[in-house]
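Chain by chain, the residues run as shown.
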Amino acid sequence: MYPDDLPTDLERLAGLSRRRFLGTGALCGAALFFGGHPLGALAASLQTGNRALIGFDGIAASGVDAVLLPPGYRYEVLISWGEPLHADAPAFDSSGNGSAADQERQFGDNNDGMCLFAFPGEADRALLAINNEYTNYRYLYAHGSAPRSAAEVHKALACEGVSVVEIHRDADGWRFVRDSAYNRRIHGNTPIRMGGPAAGHAWLRTAAEPGGREVLGTFQNCASGKTPWGTYLTCEENFTDCFGSSDPAFAAEGAMKRYGVLADSKEVHWHPFDPRFDVSQTPNEYNRHGWVVEIDPFDPHSKPVKRTALGRFKHENAALTQAADGRVVVYMGDDERGEFIYKFVSFARFDPAQPNPDLLDHGTLYVARFDDGDGDPQHPKGRGQWLELVHGRGGLDAAAGFPGQAEILIHTRLAASVVGATRMDRPEWIVVSPEDGQVYCTLTNNVKRGGDGQPVGGPNPRANNVYGQILRWRESGDDAAASSFEWDLFAVAGNPAAHPGTASGGSPNITAQNMFNSPDGLAFDGGGRLWIQTDGDTSNRGDFAGMGNNQMLCADPGSGEIRRFMTGPVGCEVTGVAFAPDYRTLFIGIQHPGESGGSSFPSGQPGAKPRSSVLAIRRDDGGVIGAA
Ligand code: FEO
Ligand code: CA
Ligand code: CA
């Protein structure tokens, strides 16, 4: 929570913003707050495209092992995997022989979503909470392959979770502060409390923890969100990859099959050495993961809490906003082919004067159903509904496998299917526009579309969708708690050079100059620019010829114009985005450079081990990122 004796950034901004921000949500790509958002003059000018929103020259695609930016921009490395967080923590060990205990005191691996928390009243001091999604065995261990011992599994667990780091700004820009009392690692063995309606449920109990109320660890932490009361939400995504079975006859059934547990654990390979991850020995452990976890970055001794009211699935991020009446709304995607988009609406209103630390434990979870829309090949649009996931309603009863609300929350995917939600093209990040409250969601790709019970149509308009699209919706009455909405596709990615004049060429705002595939990370900045990050096919051949490495683009939500802002090094994903409070520094994440070799980012030294890193991007003239 924000420190008691200081004004929160909510209060600081009150009266300052032309758009009635309820927080500095724009500091975090995943969390933008607004209250009341009638289309004002600003939004109207956006609609007509009259304002020169994007002020840099778009750059070309690139396949080189470097970060490239428009003229007038530069970057510095803020922090990299293995950086010691404390004065007495060991330095990064490139040999791969460092221990789990070392890693628990260093910056984690494969940084992903992040949020910035400004110290109220201190312009030059902030915390960054940064997810560490997974680890690359190629670089983690000296032998470069899957773990071979319990100690090596322990080290992998120590790489994942969250890193909280303090940063300071001086004349040379923002710097990581080693040995700050706020620096903290939350990892795969950190004690975490279960909160909300599913806490203590029989399906969450294990022999090691029969209460079902305290879990070890968070891992596979993808993207994130920020609450108005100053806490961080980290989202557990591909958690089932971490579970496997020692039983040669094992075949997942029912919910375990739907959530994707495989006997071989997709090569993560923890289960042979830690029975916690062996579903044949510890079948309930996997139910204790796949949640949104709330962390108080301002209290380094606080225990994180898994908020079960937000449901259990492969959580991408959590985008917070507020309903017209002050209730907190959280948008969330489930990143799997054919899975769903969700919305949580709290029962209680957020009261800045008396923040309720457990506000996210009580509310209603909804899932989205989209109609087929108008079928317009250039710009499809239609309507949709939010379907409640509430025990006793919509067929969610004991006969359907849901004797109570806890079972709905633990088996959220199954409940959403019962009520008739729309199977989507892999929902990734969701953000809320600070200008007009419209919600944007990346649907990254889906090669199963057109088969597998996933019909082509509505917001998922292409079979074998290798490029992805960006969905947008406006809630009825511009109220985030509404039960219905209107949707359209803001952009349909494609390759107009390889597939001119066809659906694979993308929407009219995709050109040979700005094309990309697999949109993933999203953020709005304070000027209303929409930033897009990619995690796609970087082969630069065939369907993807001319697209190069993963990249970051900037869009004008009003005109639809998109320009390429940054290209990443070889093999990386560009993911994670936060802005400094003045929007003059942009923090972004370079995840898994050289995933399959071929990179020495960020050092650039021949033969050096590549390291996932957070970059601080600035303009040479000190101006606002992205602006003219
Ligand atoms: Fe961790 Fe769906 O990206
Ligand atoms: Ca992602
Ligand atoms: Ca992705």
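Residues numbered from 1 in each chain as written. Chains lettered and ligands numbered in written order. Predicted model: local features only at pLDDT ≥ 70, side-chain atom pairs only at ≥ 80, totals over all residues. Heavy atoms only, no water.

Draft legend 1. Expanded view of the overall build of the chain. In terms of helices and strands, the chain carries eight helices and 28 strands. Taking 25 Å as the expected radius of gyration for a compact globule of 628 residues, we find that the chain reaches 23 Å, a close match to that expectation. Looking at the 628 residues of the chain, the share that counts as buried comes to 61%. Nonlocal contacts in the chain, meaning residues at least 24 apart in sequence, comprise 65% of its contacts between residues at least 6 apart. For the chain, the accessible area works out to roughly 20800 Å², and carbon and sulfur atoms hold 50% of it. (Helix = DSSP H or I, 4+ residues; strand = E, 2+ residues; numbered from the N terminus. Rg over C-alpha atoms; globule rule 2.2 N^0.38 Å. Buried < 20%, exposed > 50% of the residue type's maximum accessible area, 1.4 Å probe, protein only. Contact = heavy atoms within 4.5 Å. Areas by Shrake-Rupley, 256 points an atom, 1.4 Å probe, with all protein chains shown as cover.)

Draft legend 2. Seen up close, the sheet that holds strand E24 (residues 551–555). Taken in spatial order, the four strands of this open sheet run E22-E23-E24-E25, and their pairing is antiparallel. If you trace the sheet from one side to the other, it starts and ends with strand E22 (519–524) and strand E25 (562–567), each paired once. Averaged over neighbouring strand pairs, the angle between their axes works out to 25° when direction is ignored. With four bridges connecting them, E22 and strand E23 (residues 530–534) associate as antiparallel partners. When the bridges of E23 are listed, Pro519 appears paired with Thr534. (Pairing = 2+ DSSP bridges. Axes fitted to C-alpha atoms, helices over the stretch in contact; angles between N-to-C directions.)

Draft legend 3. Local environment of the packing of aromatic side chains. Enumeration over the complete set of coordinates arrives at 36 aromatic pairs. For the pair Trp270 and Phe277, a centre-to-centre distance of 5.0 Å together with 70° between the ring planes defines the contact as edge-to-face. A single burial state applies to Trp270 and to Phe277, both of which are buried. Through a chain of ring-to-ring contacts, three or more aromatic side chains come together here, namely Phe219, Phe239, Phe243, Tyr259, Trp270, Phe277 and Tyr286. Here Arg125 stacks its cationic end above the ring of Phe119, 3.9 Å away from the centre of that ring. The lysine or arginine in question, Arg312, covers the ring of Tyr286, its NZ or CZ lying 4.5 Å from the ring centre. (Phe/Tyr/Trp six-rings, centres within 6.5 Å; stacked < 30°, edge-to-face > 60°. Lys NZ or Arg CZ within 6 Å of the ring centre and 35° of its normal.)

Draft legend 4. Here's a closer look at the coordination of the calcium ion (ligand 3). Looking at the calcium ion (ligand 3), the protein donor atoms are Glu428 (OE), Asp520 (OD) and Asp535 (OD), and they sit 2.3 to 2.4 Å from it. One chain supplies every donor to the calcium ion (ligand 3), and in sequence these donors are spaced E-x91-D-x14-D. In this structure, the calcium ion (ligand 3) lies 3.8 Å from the calcium ion (ligand 2), and both are coordinated by Glu428. Of this pair, Asp520 sits in strand E22 while Asp535 sits in the loop between E23 and E24, and the two are 15 residues apart along the sequence. Classification of Asp520 as buried rests on a relative accessible area of 2%. (Donors = N, O, S within 2.8 Å, 3.2 Å for Na, K, Ca; no water.)

Draft legend 5. Just the coordination of the calcium ion (ligand 2), in detail. At this site the calcium ion (ligand 2) is bound by Glu316 (OE), Glu428 (OE), Asp520 (OD) and Asp520 (OD), with donor distances of 2.3 to 2.7 Å. The sequence motif formed by the donor residues of the calcium ion (ligand 2) is E-x111-E-x91-D. Relative accessible area serves as the criterion here: at 2%, Glu428 is assigned to the buried category.

Draft legend 6. Quick look at the sheet that holds strand E15 (residues 341–349). Across the sheet, nine strands lie side by side as E13-E14-E15-E16-E17-E21-E20-E19-E18; this open sheet has antiparallel pairing. The two strands at the open ends of the sheet, each matched to only one other strand, are strand E13 (319–322) and strand E18 (427–432). Ignoring strand direction, the axes of neighbouring strands in this sheet form an average angle of 30°. Contacts from helix H8 (residues 412–419) reach E15, strand E16 (363–370) and strand E17 (381–388), with the element oriented near 55° to E16.

Draft legend 7. Looking closely at the pattern of salt bridges. The full count for this structure, using the stated rule, is 40 salt bridges. Of the charged contacts in the structure, one is a salt bridge between Lys381 and Asp376, with a shortest N-O distance of 3.9 Å. A relative accessible area of 34% places Lys381 in the partly exposed class. Note that Arg474 is salt-bridged to Asp436, the shortest N-O span being 3.8 Å. With Arg474 in strand E20 (residues 469–475) and Asp436 in the loop between E18 and strand E19 (439–443), this residue pair connects regions lying 38 residues apart in the sequence. By relative accessible area, Arg474 is classed as partly exposed at 21%. The buried category is assigned to Asp436, whose relative accessible area is 7%. Several salt bridges converge on common partners, so that one network encompasses Arg258, Lys314, Asp334, Glu336, Glu339 and Arg413. (Salt bridge = Lys/Arg side-chain N within 4 Å of Asp/Glu carboxyl O.)

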